[in-house]
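Fold and geometry: a report
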Amino acid sequence: MGSSQQARKYTAYDKSSVLDYIEALLALQKENENRGIELLNHISAKESKVARPYILLAQLYTKNKNYDEAFLALDRGIKNSKEEKCVINWMAGNCLYNLERYEEAIPYYRTAL
């Protein structure tokens, strides 16, 4: 049993986003992207105002050239979070650029600047 799983025994389920985040990072370190994505989606649903899970999801999807999913994650981040607007918009613009949706990318780049 991993340390984050052991810690869950002593933490209320609705207060365990930090443990989810740690477990997601450990899963990604062990190259278990599916588990990492699952946990990051769970975190972003529970704590929608936090930008970092959206950014990490987009990075994972982008790494696999899944720009549609990356953009969807970033779009949720843009709508829900006021944090790291520059980064999220820049990444969203890059996703659209890679999808050859150039005109749609421009407003995201402008917002990032």
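Details of the structure are given in the entry above.
Residues numbered from 1 in each chain as written. Predicted model: local features only at pLDDT ≥ 70, side-chain atom pairs only at ≥ 80, totals over all residues. Heavy atoms only, no water.

Over its twelve residues, helix 4 (residues 52-63) runs 16 Å from end to end, which matches the ideal 16 Å to within 8%, given 1.5 Å per residue. Here helix 4 has its buried residues at Pro53, Tyr54, Ile55, Leu56, Leu57, Ala58, Leu60 and Tyr61. Lysine 65 sits one or two residues past helix 4 and shows a positive phi near 60°. (Helix = DSSP H or I, 4+ residues; strand = E, 2+ residues; numbered from the N terminus. Expected span 1.5 Å × (residues − 1). Buried < 20%, exposed > 50% of the residue type's maximum accessible area, 1.4 Å probe, protein only.)

Note that soluble globular proteins tend to have their nonpolar side chains buried in a common cluster. With 26 residues, the main nonpolar core has Leu40 and Leu74 as its most contacted residues. Breaking this core down by element, the ones donating at least two residues are helix 3 (33-46), helix 4, helix 5 (67-80), helix 6 (85-98) and helix 7 (102-112). If we skip the residues at most four places from it in the chain, leucine 74 touches Tyr54, Ala58, Ile88, Met91, Ala92 and Cys95. (Core = buried A, V, L, I, M, F, W, Y, C linked by side-chain atoms within 4.5 Å. Contact = heavy atoms within 4.5 Å.)

With that out of the way, let us pick up unusual backbone geometry. A positive phi is found at glutamate 84, a non-glycine position, where the angle reads about 45°. With respect to the helices and strands, glutamate 84 occurs in the loop between helix 5 and helix 6. Look at glutamate 84 and you get partly exposed, because its relative accessible area is 32%. A positive phi angle, near 60°, is found at glutamate 100, a position not held by glycine. Position of glutamate 100 among the secondary structure elements: in the loop between helix 6 and helix 7.

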